[in-house]
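Here is how the chains run, residue by residue.
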Amino acid sequence: MRCPEDGATLQQYHYLYSTPIILEQCPVCGGFFAKHEDLEKMQLALDKTKGVGMTKLEEYSAKAGAEEAQHLAYMNRQASLASFFNFMDYHMSGFWGML
């Protein structure tokens, strides 16, 4: 197939690299072309990668992952504070009296 703008031969590639949806792109102008019926398929594939339309199990796993990430961030902050105060206590005698 040829580009309607400049007549260059279009190159084919898979949408999101791994889907069966084929897009065509012009190497000259950068325009891309898809069949009309593939537009809905493209949206569904994109929604799936963003987590839209997840099953209950997938939602729970994602939520548990977010909560675990929050907990790990909190624990890292606590460890940093403990290291700081241990450093100050060791290197500055009387540090606690300044507080």
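See the structure shown above.
The notes below deal with the structure included here. (Residues numbered from 1 in each chain as written. Predicted model: local features only at pLDDT ≥ 70, side-chain atom pairs only at ≥ 80, totals over all residues. Heavy atoms only, no water.)

## As for a nonpolar patch on the surface
Here is step 1: On the surface, a nonpolar cluster with roughly 260 Å² of combined accessible area is contributed by Leu81, Phe84 and Phe85.
Here is step 2: You can see Leu81 is positioned in helix α2 (residues 56-91). (Patch = residues over 30% accessible without salt bridge, like charges linked within 9 Å, V, L, I, M, F, W, Y side chains within 5 Å. Areas by Shrake-Rupley, 256 points an atom, 1.4 Å probe, with all protein chains shown as cover. Salt bridge = Lys/Arg side-chain N within 4 Å of Asp/Glu carboxyl O. Helix = DSSP H or I, 4+ residues; strand = E, 2+ residues; numbered from the N terminus.)

## What to know about the side chain of Glu24
Here is step 1: Here Glu24 lies in strand β2 (residues 22-25).
Here is step 2: Buried charge Glu24 goes without a salt bridge, the closest partner of opposite sign being Lys35 at 7.6 Å.
Here is step 3: Reaching out from Glu24, the side chain makes a polar contact with the side chain of Gln12 at a distance of 3.1 Å. (Buried < 20%, exposed > 50% of the residue type's maximum accessible area, 1.4 Å probe, protein only. Lys, Arg positive; Asp, Glu negative; His and termini not counted. Polar contact = N/O pair within 3.5 Å; in protein donor to acceptor, adjacent residues only side chain to side chain.)

## Points about the pairing of β2
Here is step 1: In this sheet, β2 lies alongside strand β1 (residues 11-14) in antiparallel orientation, the contact comprising four bridges. Bridge assignment links His14 to a residue of β2, and that residue is Ile22.
Here is step 2: Bridging between β2 and strand β3 (residues 32-33) involves two bridges; their strand directions are antiparallel. Residue pairing across strands places Gln25 opposite Phe32, the latter belonging to β3.
Here is step 3: Between the end of β2 and the start of β3, which pair antiparallel, lie six residues, with Gly30 showing a positive phi angle near 85°. (Pairing = 2+ DSSP bridges.)

## Details of the pattern of salt bridges
Here is step 1: Evaluation of the coordinates by the stated rule reveals one salt bridge.
Here is step 2: Asp38 serves as the salt-bridge partner of Lys41, at 3.8 Å between the closest nitrogen and oxygen. Of this pair, Lys41 and Asp38 both sit in helix α1 (residues 38-50), three residues apart, roughly one helical turn.
Here is step 3: For Lys41, a relative accessible area of 46% puts it in the partly exposed group.

## Overview of the sheet that holds β3
Here is step 1: Pairing in this open sheet of three strands is antiparallel, and the strands run β1-β2-β3 from one edge to the other. The open sheet terminates on both sides in strands that have one partner only, identified here as β1 and β3.

## Describing the state of the cysteines
Here is step 1: Evaluated as defined, the whole model comprises zero disulfides.
Here is step 2: Between Cys26, a cysteine without a disulfide, and Cys29, which holds the nearest cysteine sulfur, the sulfur-to-sulfur distance is 3.6 Å.
Here is step 3: On the basis of relative accessibility, which here comes to 1%, the residue Cys26 falls in the buried class. (Disulfide = S-S within 2.5 Å.)

## Focus: the environment of His14
Here is step 1: Topologically, His14 is positioned in strand β1.
Here is step 2: Under the relative-accessibility criterion, His14 is labelled partly exposed at 37%.
Here is step 3: For the pair His14 and Glu24, spaced 10 residues apart in the sequence, the C-alpha separation amounts to 8.7 Å.
Here is step 4: What His14 contacts, discounting residues up to four positions off in sequence, is Thr19, Pro20, Ile21 and Ile22.
Here is step 5: A polar side-chain atom of His14 sits 2.7 Å from the main-chain carbonyl oxygen of Thr19. (Contact = heavy atoms within 4.5 Å.)

Such coordinate-based values are descriptive only and should not be taken to indicate function.
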